[in-house]
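# Chains, contacts and geometry: an overview
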Amino acid sequence: QVRLVESGGGLVQTGDSLRLSCAASGRSMSNYHMGWFRQAPEKPRELVAAISSSGALNYVDSVKGRFTISRDYAKNTVYLQMNSLKPEDTAVYYCAAKSFARGSVYGTYDYWGQGTQVTVSS
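Reading the values: rules and limits
Residues numbered from 1 in each chain as written. Predicted model: local features only at pLDDT ≥ 70, side-chain atom pairs only at ≥ 80, totals over all residues. Heavy atoms only, no water. Helix = DSSP H or I, 4+ residues; strand = E, 2+ residues; numbered from the N terminus. Rg over C-alpha atoms; globule rule 2.2 N^0.38 Å. Salt bridge = Lys/Arg side-chain N within 4 Å of Asp/Glu carboxyl O. Buried < 20%, exposed > 50% of the residue type's maximum accessible area, 1.4 Å probe, protein only. Pairing = 2+ DSSP bridges. Axes fitted to C-alpha atoms, helices over the stretch in contact; angles between N-to-C directions. Core = buried A, V, L, I, M, F, W, Y, C linked by side-chain atoms within 4.5 Å. Contact = heavy atoms within 4.5 Å.

### Considering the overall build of the protein
Per the secondary structure count, the protein includes 0 helices and 11 strands. Helices (α) and strands (β) of the protein occur, in sequence order from the N terminus, as β-β-β-β-β-β-β-β-β-β-β. Its C-alpha atoms give the protein a radius of gyration of 13 Å, near enough to 14 Å, the size a compact globule of 122 residues would have. If you line up the protein on its principal axes, its C-alpha atoms span 40 × 25 × 25 Å.

### A short note on the pattern of salt bridges
Taken as a whole and assessed by the stated rule, the structure comprises 5 salt bridges. Ionic pairing is found between Asp-89 and Arg-66, a salt bridge with its closest N-O pair at 2.8 Å. In this pair, Asp-89 sits in the loop between β8 (77–82) and β9 (91–99) while Arg-66 sits in the loop between β6 (57–59) and β7 (67–72), placing the two residues 23 residues apart along the sequence. The buried category is assigned to Arg-66, whose relative accessible area is 10%. Here the salt bridges share partners, and the residues they tie into one network are Arg-38, Glu-46, Arg-66 and Asp-89.

### What about the pairing of β7?
Residues Phe-67, Ile-69 and Arg-71 line the buried face of β7, whereas the alternating positions Thr-68, Ser-70 and Asp-72 sit on a face that is not buried. Two strands pair when backbone bridges link them, and β7 and β8 are joined in this way by 6 bridges, in the antiparallel orientation. Bridge pairing in β8 links Thr-68 to Gln-81. Taken together, β7 and the strand that follows it, β8, pair antiparallel across an intervening segment of 4 residues, in which Asn-76 is found at a positive phi of about 55°.

### A few points about the sheet that holds strand β3 (residues 18–25)
Across the sheet, 4 strands lie side by side as β1-β3-β8-β7; this open sheet has antiparallel pairing. Edge positions in the sheet fall to β1 (3–7) and β7, since each has one partner strand and no second. In this sheet, adjacent strand axes meet at a mean angle of 15° when their direction is disregarded. Pairing geometry for β3 and β8, over 6 bridges, is antiparallel. Paired with Ala-23 across the two strands is Thr-77, which belongs to β8.

### Focus: the nonpolar core
One finds Leu-4, Met-34, Trp-36, Phe-67, Leu-80, Met-82 and Tyr-93 to be the most contacted residues of the largest nonpolar core, which totals 28 residues. Sorting the residues of this core by element identifies β3, β4 (32–39), β5 (46–51), β7, β8, β9 and β11 (116–121) as the ones contributing at least two each. The residues touching Phe-67, leaving out its near neighbours within four places in the chain, are Arg-38, Val-48, Tyr-59, Leu-80, Gln-81, Met-82, Asn-83, Leu-85, Asp-89 and Tyr-93.

### Quick look at unusual backbone geometry
In this structure, Glu-42 is a non-glycine residue whose phi angle is positive, near 65°. Structurally, Glu-42 can be placed in the loop between β4 and β5. Residue Glu-42 is classed as exposed on the basis of its relative accessible area, which comes to 86%. The backbone of Ser-84 sits at a positive phi, close to 50°, despite the residue not being glycine. Along the polypeptide, Ser-84 turns up in the loop between β8 and β9.

Here you go:
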């Protein structure tokens, strides 16, 4: 049973930074693409950043240059470094995993964490 646990969310001010972590257990995630999604109230969930099983990076345009996704294969952990935060980044952030065998980093993910709240005040 795969379990993903996010941490690192919180309340910050505009321009501040946060680092989210997603610790995986139950299976090595080395053959999985890992993604960070977010969902703001009354908005659809969106893929913010993804890192493929081979380390290729993908970002939604709104976070390019501000967010950085990385993974530590030895720790089975994925990170999202968020800099220059804006109020529009406020959302619940979810970590998710998708088997590389099922294609690209886009599409349906196999496993999800419970989410961590990020609130950016103006």
